[in-house]
Every structure is written in structure tokens, then in C-alpha cells.
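# Examination of the molecular architecture
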Amino acid sequence: MSIHWQQKMEAYREELLERLKELCSIESVLDESTAKTGAPFGQGIAEALDYMLKLGEKEGFLTKNIEGYAGHIEYGEGEEIVGILTHLDVVPTGEGWTSNPFEPEIRDGKFYARGVQDDKGPAIAAFFALKLVKELGLSLNRRVRLIFGTDEESQWRDVKYYFEREPMPDLAFTPDADFPIINAEKGLLDLTLSGSAETASAMNEGEWKLARFEAGQRPNMVPDFAAVRLEGDGDVFELKEQIQDFLLTHRIRGYAEEADDHLMLVMEGVAHHGSEPDQGVNAAYCMARLLRGIQLDKNGNRYISLIHDLLDDSYFGEKLGIAQEDEQVGRLTVNGGVFRYESGKGQHVELNIRYPISGDMESIRNQVAEKVHPYGLEITHVDHKPGNYVRPDHPLVKTLQNVYEEQTGEKGEPFSIGGATYARALRPGVVFGPLFPGHPEKAHQKDEFMVVDDLVKAAALYAQAIYELAK
Ligand SMILES: [Zn+2]
């Protein structure tokens, strides 16, 4: 039997857009201040979840709300479950929107609203996909569950809670990133390193005290800004010359500012996502390179040496002794994302490490702990998400690939990424859309949009995917 999925989905275009407008009008941003029993992430998110489940009820699907943490819409019969995981929480809007982010607008064939791409558009597309499968009267051997998470943008407390109470689907995908298929994601390890930095003992002649060093806000971003405060009574003129030389030879933007009793140094780098640390310019590393040429107090020097000895110009873990790679996802990466040093108070570094599927988190962690120990640092916090890998010949991947190739006429080869997606909440799980190759990524940005035609195309792909996986 051959079904023209794209054509069938066209019939739902207007209705799909209407429902998406309603869903995107709900301000489902995490709001602990309105949290209560049954609405653990606040009123807006609870409303969005209610909205989706009511939609399912009206359609005659089974629905279940897991105490406001997550919910699902279920259709079909069978022991096994096919799952489609989306989320209804959105990130805050930020500034600079052309239209109100919670008053959806269609302009030039683009649907503008906070969350339309990430991830309400996909949630609605998956809903209409299931509705189409139902209305076609196709018989299924597996149950289909549309699972709606509500804390993807923060701490994933939704999926944790949900899967402690509900079964893991036997086959599942999440439309929360890119087409065609993401089947491999590196393991993620954020390490916080902390230690003391006693007040500098008596300063030697010509030394500067590193009073403060600050760079970066988040471990998963390459810092684009570093600021340092130096104190002492060395030769300011000479120091400023040295700094100018450094900025010129390294073509880095920055400046030195002199005040009564101190000198401020500022350096600009180039921000980039922490999964590709070699693609940005790390302002902290640059600053450390400059300060290596300046005589600093003992503790200050130790902090700068740490950056130089273990991190600078070593984006793949070589200096830390954790370099490794595999065929599935490639090389381990290390991003030094946050740096804080205050003389007499303490020192602090946050690392974002992404390691191959074959890697071992414990041994990486132990190796880092050993390496930073001589610099007076210890690992004080660990945030870990294991990697995700589904073989390219797994029926889940094969099926989605066939659906994609059949409908789009394009190659549907699965690919790997260094970032983390909702797919890791699933076992097995892969990403399937919603962003088509080459289309602009607008998630988390101002004027977030999805091309209306793409929404309909994605919904048709999800409909066939549901059918092929559950039949
Ligand atoms: Zn998302």
C-alpha cells in the first residue's frame, strides 16, 4: 500500500497552525515561584502540558499526566511501545524580538514564536502525525506514546520522574534537533575545580600580585572575555608596553587601564559552543599566555601555570593526558569555560569535557584530579551525562532513514554530534528533526521561527515514522 503522506498531511495544515498558535501563546517558562503540587515547574508549564493532553483527549486518545512532571498521549494496542519525546517548556525570551514572542505571527511563510522550533512545533507536528495515522485506520502492533517533557531546558527532572514511573519505550525518537538522524552523542562531563589561594606572602622586587582573574560564564561556552587585576609597584610603563606588543602580535583585542593602586587588563576572545573549543578564541587562555611573560606572585603564577600547562592550546585533552577518540563520535574535547581567581580567597575553574562512546568517565575524572592536584585544585562538583549511541544498522535508525529518504528524496545518513540532546533520555533513542539540513538554527534566539512548509513536512515524516515503527 502506498500512502502519500505529504499530501495527506496538507489537509491538516490550517488546523495544525491554529493549535500551534494556541500552544505557543502559553508562557511556559520555568517559574519556581508559581510551582505547587501537580505543577512542579510553575503555572505556565503546567498549562502547556494540560493543553496538549486535552487535545489528545478530544481526539479520543488515552492520556496521562504524571503529576505535572510529564505526560503522554497514547494510541493503539500491543505490548511494545513506540515513543516520541518532545518538550513543552521554553527558554526565556531575551530582548530584541520583532513581534511579541508569545503572540505567534506568520510573516513570509515563517511562524514566529518562542518555542516554535524548540520544541512546541515538533510536539504539535507529532500530534497531527498520530491523528493522521489514526484517521487512516492503519492497524498497529505496537502502542504509540507521545511523551511530553517539561524540564528539558533546565534539569531534566521531567524525564527522570517520568521514566521512574512509566516504561521506557522499545523504540523512540525525539524531534528536538536536526534531520535526518542523530544516532551518536558524546558523553558530557562538567568538572568544577576549586582550591584555596592564600594571600600572597611578601612580594619580591618587580613582582605583580594577581589580585583577580575572571573569565567566562558557563562551562559549555568558550569565554570571549577575560579581566585581570594586577597590584604592585613595578614599572607600569614597561608592563603596558609588553601588553600592547602581545595584543599586536597575537591580533587580539584588549586594553590595559591604570588606576591609583592597580592595573586592569581586559582581553576579548571569540565565543563559541563548548563542543568545538578549537573553533573559538578562549580569552582566558590568551590572558594566561600574556601573563606568563610577567613576574607574578607565587599563587598567581601557579594559577596561570595551570592554564598554560594543562589547557591552553590543548583542545583535545592532550595536556591533561585524556586525549582519545573512537569511530562513532570522534575526538574527546576539553573546554575551559569558567575561570575565577581572587588572591587570598580562592581559585576556581570549570571544564566541559565531551568524550567518545568508548570512553570511561571515571578514569577521565581521576586523571584530571591527579593532573590539577599540584596546582592546589580539587574536583568539587561533577555533572555527568553518559553518551548516546544507536548502531546505524539498528531497526530504529534504518526505519527512520528509509522514511526520510522516501519522502524527501535526500540522503538520510545518521550523524554524530558533540552536544547533548533529549535523545539520551531514551534507550534506545535518536534525534529525528525538526530542522532540515542547511536551515538556520533559531532555538533559544530572538525571533525564533520555523518555516510553515517545514512544519507540515516534518509532521508527514513523523506520521510515516510512527506507522513504520509501530506496524
Ligand atoms: Zn529542545
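The name given to the protein in an unreviewed UniProt entry is Succinyl-diaminopimelate desuccinylase, with the source organism recorded as Melghirimyces algeriensis. The protein has a UniProt comment under Cofactor (unreviewed entry) that states "Zn(2+)".

## Topic: the side chain of Ser 28
Along the polypeptide, Ser 28 turns up in the loop between α2 (13-24) and α3 (43-58). Reaching out from Ser 28, the side chain makes a polar contact with the side chain of Lys 120 at a distance of 2.8 Å. Setting aside chain neighbours within four positions, we find Ser 28 in contact with Gly 44, Ile 45, Ala 48, Leu 88, Asp 89, Val 90, Phe 102 and Lys 120.

## Here we look at the coordination of the zinc ion
Only His 87 (NE2), Asp 118 (OD), Asp 176 (OD) and Asp 176 (OD) from the protein reach the zinc ion as donors, at distances of 1.8 to 2.6 Å. Metal-centred angles of 54 to 146° between the 4 donor atoms at the zinc ion mark the site as irregular. All donors to the zinc ion come from one chain, and their sequence spacing reads H-x30-D-x57-D. Of this pair, Asp 118 sits in helix α4 (residues 116-135) while Asp 176 sits in the loop between β7 (171-174) and β8 (177-178), and the two are 58 residues apart along the sequence. Across this residue pair, the class does not change: Asp 118 and Asp 176 are buried.

## Thoughts on the pattern of salt bridges
Applying the stated criterion across every chain yields a total of 29 salt bridges. Taking the shortest distance from any N to any O, the salt bridge between Arg 142 and Glu 80 comes out at 2.7 Å. Residue Arg 142 is found in the loop between α4 and β6 (143-149), and its partner Glu 80 is found in the loop between β2 (70-75) and β3 (81-87); the two are separated by 62 residues along the sequence. Salt bridges linked by common partners bring Lys 64, Glu 74, Arg 143, Arg 145 and Glu 166 together as one network.

## Some details on the environment of Ala 226
With respect to the element layout, Ala 226 can be found in strand β12 (residues 225-231). In this structure, the C-alpha to C-alpha distance between Ala 226 and Leu 265, residues 39 residues apart in sequence, is 8.1 Å. The contacts of Ala 226, once residues within four sequence positions are left out, are Glu 214, Ala 215, Leu 265, Val 266, Met 267, Ala 283, Ala 284 and Met 287.

## Notes on the pairing of β7
The side chains of a regular strand alternate, first on one face of the sheet and then on the other. Taking every second residue as pointing to the same face, both faces of β7 are buried, with Leu 171 and Phe 173 on one and Ala 172 and Thr 174 on the other. Direction of pairing for β3 relative to β7: parallel, over a ladder of 3 bridges. Bridged to Gly 83 within β7 is Ala 172. Across 3 bridges, the pairing between β7 and strand β22 (residues 429-431) is parallel. When the sheet's bridge partners are listed, Thr 174 is paired in β22 with Val 431.

## Details of the domain arrangement of the protein
Segmentation of the protein into domains returns domain 1 (5-186 + 388-470) and domain 2 (188-385). Look at where the C-alpha atoms of domain 1 and domain 2 centre, and you get two points 39 Å apart. In this assembly, 11 residues from domain 1 lie in contact with 10 residues from domain 2. Surface buried jointly by domain 1 and domain 2 totals about 890 Å² across both partners, of which 66% is contributed by carbon and sulfur atoms. Counting across the domain 1 and domain 2 interface gives 0 salt bridges. Linking domain 1 with domain 2 are 4 residue pairs in polar contact (both at pLDDT 80 or more), by the criterion used here. When contributions to the side of domain 1 that touches domain 2 are tallied by element, the ones reaching two or more residues are β9 (181-185) and β20 (388-389). When grouped by side-chain class, the residues that make up the side of domain 1 that touches domain 2 number 4 nonpolar, 4 polar and 3 charged.

## Side note on the packing of aromatic side chains
Counted according to the given criterion, the structure contains 22 aromatic pairs. Judged by centre distance (6.0 Å) and plane angle (55°), the rings of Tyr 12 and Phe 128 are tilted. Pair noted here: Tyr 12 is in the loop between α1 (5-10) and α2 and Phe 128 is in helix α4, with a separation of 116 residues, a long-range link. Taken together, a centroid distance of 5.5 Å and an interplanar angle of 85° make the contact between Phe 173 and Phe 432 edge-to-face. Taken together, the residues Phe 173 in strand β7 and Phe 432 in the loop between β22 and β23 (434-435) connect sequence positions 259 residues apart.

## Notes on the environment of Phe 41
Counting through the fold element by element, Phe 41 comes out in the loop between α2 and α3. Along the chain, Phe 41 and Glu 105 lie 64 residues apart, while their C-alpha atoms are 27 Å from each other. Among all residues touching Phe 41, those that are not within four sequence positions of it are Val 29, Leu 30, Asp 31, Ala 35, Gly 68, Tyr 69, Thr 150, Asp 151, Arg 157 and Asp 158.

## Topic: unusual backbone geometry
Cis geometry is found at the peptide bond from Asp 118 to Asp 119, where omega equals 15°. Mapped onto the fold, Asp 119 is located in helix α4. Following Gly 433, the chain continues to Pro 434 via a peptide bond in cis, the omega torsion being 10°. The phi torsion at Asp 108 lies on the positive side, around 50°, for a residue other than glycine. Examined against the element boundaries, Asp 108 turns out to sit in the loop between β4 (105-107) and β5 (110-112).

## Points about the pairing of strand β14 (residues 262-268)
Across the 7 residues that make up β14, a large majority, 6, are buried. Bridging between β12 and β14 involves 7 bridges; their strand directions are antiparallel. Within the sheet, the bridge partner assigned to Phe 225 lies in β14 and is Glu 268. Counting the residues that bridge the hairpin from strand β13 (residues 253-258) to β14 gives 3 residues.

## Brief notes about the side chain of His 87
Summarising the element assignment, His 87 is placed in strand β3. A relative accessible area of 0% places His 87 in the buried class. A polar contact is formed between the side chain of His 87 and the side chain of Glu 152, at a distance of 3.3 Å. The contacts of His 87, once residues within four sequence positions are left out, are Asp 118, Asp 119, Lys 120, Gly 149, Glu 152, Glu 153, Asp 176 and Tyr 422.

Quick notes on the rules
Residues numbered from 1 in each chain as written. Predicted model: local features only at pLDDT ≥ 70, side-chain atom pairs only at ≥ 80, totals over all residues. Heavy atoms only, no water. UniProt positions renumbered as here; feature names shortened; annotations may be inferred. Helix = DSSP H or I, 4+ residues; strand = E, 2+ residues; numbered from the N terminus. Polar contact = N/O pair within 3.5 Å; in protein donor to acceptor, adjacent residues only side chain to side chain. Contact = heavy atoms within 4.5 Å. Donors = N, O, S within 2.8 Å, 3.2 Å for Na, K, Ca; no water. Tetrahedral: all angles 85-135°; square planar, octahedral: opposite > 155°, others 65-115°. Buried < 20%, exposed > 50% of the residue type's maximum accessible area, 1.4 Å probe, protein only. Salt bridge = Lys/Arg side-chain N within 4 Å of Asp/Glu carboxyl O. Pairing = 2+ DSSP bridges. Domains from an automatic or database assignment. Buried area = accessible area lost by both parts, 1.4 Å probe. Nonpolar A, V, L, I, M, F, W, Y, C, P; charged D, E, K, R; others polar. Phe/Tyr/Trp six-rings, centres within 6.5 Å; stacked < 30°, edge-to-face > 60°.

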